[in-house]
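Architecture and fold: a report
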Amino acid sequence: MPVSQQSNKTVLTHPLGASAEVHFFGATLTSWKVASEERIFLSEKAVLDGSKAIRGGIPLVFPVFGKGKAPHVTASLPQHGFARISRWRLVNSSEDAHTVTAQFGLDHNMISEEHRKMWPFDFSLVYTVKLGAETIETHLKIQNTGDQAFDFNTLLHTYFLIPDESKVRVIGLSGVDYTDKVQQKTSRQEGEVVVRGEVDSVYANVQTADIQIQYGGEDGGVQLHRNGVNDIVVWNPWTEKAAGMADFGDEEYHRMICVEAGQVAEFIALAAGGSWEGSQVLSLL
Ligand code: BG6
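These lines cover the structure that appears in this document, whether it is placed above or below. Source: prediction; values computed, not measured.

Details of the overall build of the protein
For the protein, the count of helices and strands is two helices and 21 strands. Against the 2.2 N^0.38 benchmark of 19 Å for 285 residues, the protein shows a C-alpha radius of gyration of 18 Å, consistent with a compact globule. Summarising its shape, the C-alpha atoms of the protein cover approximately 50 × 50 × 35 Å along the three principal directions. Looking at the 285 residues of the protein, the share that counts as buried comes to 54%. Restricting to contacts in the protein with at least 6 residues of sequence separation, those with at least 24 account for 66%.

Points about the site of the ligand
Every residue close to the ligand is listed here: Arg-55, Phe-65, Gln-79, His-80, Arg-84, His-157, Lys-181, Asp-200, Val-233, Trp-235 and Glu-260. One of the side-chain N or O atoms of His-157 is found 2.9 Å from an oxygen atom in the ligand. Side-chain polar atom of Glu-260 to an oxygen atom of the ligand: 2.7 Å apart, as the coordinates give it. In the complex, 85% of the free accessible area of the ligand, which totals 390 Å², lies under the protein chains.

Some details on the environment of Ser-279
On the secondary structure map, Ser-279 appears in strand 21 (residues 275–284). Relative accessible area serves as the criterion here: at 2%, Ser-279 is assigned to the buried category. Measuring from C-alpha to C-alpha, the distance between Ser-279 and Gln-148 comes to 25 Å, with 131 residues separating the pair along the chain. Ser-279 has contacts with Glu-137, Thr-138, His-139, Leu-156, His-225, Arg-226, Asn-227 and Val-229, leaving out every residue within four places of it along the chain.

Thoughts on the packing of aromatic side chains
Across all of its chains, the model carries 18 aromatic pairs by this definition. Between Phe-62 and Phe-82 the ring centres are 6.0 Å apart and the planes differ by 85°, which places this aromatic pair in the edge-to-face class. In this pair, Phe-62 is assigned in the loop between strand 6 (60–61) and strand 7 (89–95) and Phe-82 in the loop between strand 6 and strand 7, connecting sequence segments 20 residues apart. A relative accessible area of 0% places Phe-82 in the buried class. Summarising the aromatic geometry, the rings of Phe-121 and Phe-150 are spaced 5.7 Å apart at their centres and angled 50° between planes, so their arrangement reads as tilted. With Phe-121 in the loop between helix 1 (113–118) and strand 9 (123–131) and Phe-150 in strand 11 (residues 150–156), this residue pair connects regions lying 29 residues apart in the sequence. Like Phe-150, Phe-121 is buried. One aromatic cluster in this structure is built from Phe-62, Phe-82, Trp-119, Phe-121, Phe-123, Phe-150, Phe-152 and Trp-276.

Definitions and limits used
Think of each chain on its own: its residues are numbered from 1, step by step along the sequence as written. Where totals are concerned, whole chains, interfaces and linings use all residues; where local detail is concerned, this predicted model gives features only for residues with pLDDT of at least 70, and gives and counts side-chain atom pairs only at 80 or more. Derived side-chain values reflect all non-hydrogen atoms in the structure, with water molecules and hydrogen atoms excluded from consideration. Numbered from the N terminus, helices here are DSSP runs of H or I no shorter than four residues, and strands are runs of E no shorter than two. Note on method: radius of gyration uses C-alpha positions; expected globular size equals 2.2 Å times residues raised to 0.38. For every residue, the accessible area (1.4 Å probe, protein chains only) is compared with the maximum for its type, and the residue is labelled buried under 20%, exposed over 50%, or partly exposed between those bounds. The contact criterion used throughout is that any non-hydrogen atoms of two residues lie within 4.5 Å. Note on terminology: near, applied to a residue and a molecule or strand, indicates that one of the residue's heavy atoms is within 4 Å of it. For the purposes of these results, a polar contact is taken to be a pair of N or O atoms within 3.5 Å, where, inside protein, one atom must be able to donate a hydrogen and its partner to accept one; residues adjacent in sequence count only when each atom of the pair is a side-chain atom. Shrake-Rupley sampling with a 1.4 Å probe provides the accessible areas, and residues are treated as covered by the protein chains on show and by no other component. Only Phe, Tyr and Trp rings are paired, with Trp represented by its six-membered ring, and only when their centres lie within 6.5 Å; those with planes under 30 degrees apart are stacked, over 60 edge-to-face, the remainder tilted.

If you want it as structure tokens, here you go:
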């Protein structure tokens, strides 16, 4: 079966061997394998019972990034919004000669009463995961189904599984201005991004469509191609932050880097009846 549903997740299987798993909780993609090799980081301590956001995979950030307060909304939403802590449903699946596709949906009727109070807008999210032989596309469509405008941020918060944080290089951000949330300052990136300590940087309006996560040496990597999303966040918690997270192993920061494509530098206003779409395509280098 190219798309099979289990109680807590959907599994996509490509005839040429690739596979992916998407949990209904948060529509969090927790695995992408090509040639039996896992490409996505999922913490060994990740909580998968729906009681907190999944630590790893591709959590979906919506409608706020971080502790951000959305404009015109008085209540404080949960960190990174409610999409990653709501239960989505599989709305469609299909296959053609090259790809296996699963589509997940979330709307205002499906979120908790508490979240509806905090976010009193009618919306619909459709998340499409398209698995190719050696690629995976994740596409998010956000619709304002109500009669009031709202503002949102969103991110495909991808945790890449990497062999060694000391060798990884993120290419494609040179010359871009970014907010360094660790140093609390704004800088311009010069050359590639490397991990030598805690990294938490928000790159706004990145022009290059293709970002490369190179593992170092002969080890290859992953290319992240963006459509319709302007910003990139790079995150590695390093030692202290790692130790402070109950759902993340103390040494796991060696094996992951988050390179997150989305719209977070500024809120996007979505008029009543309006829609927004953005996606990323991951492929092997
Ligand atoms: C990143 C943020 O996107 O997500 C970081 O830039 C944050 O500041 C990280 O620490 C993880 O967030 P959370 O809520 O999943 O612990």
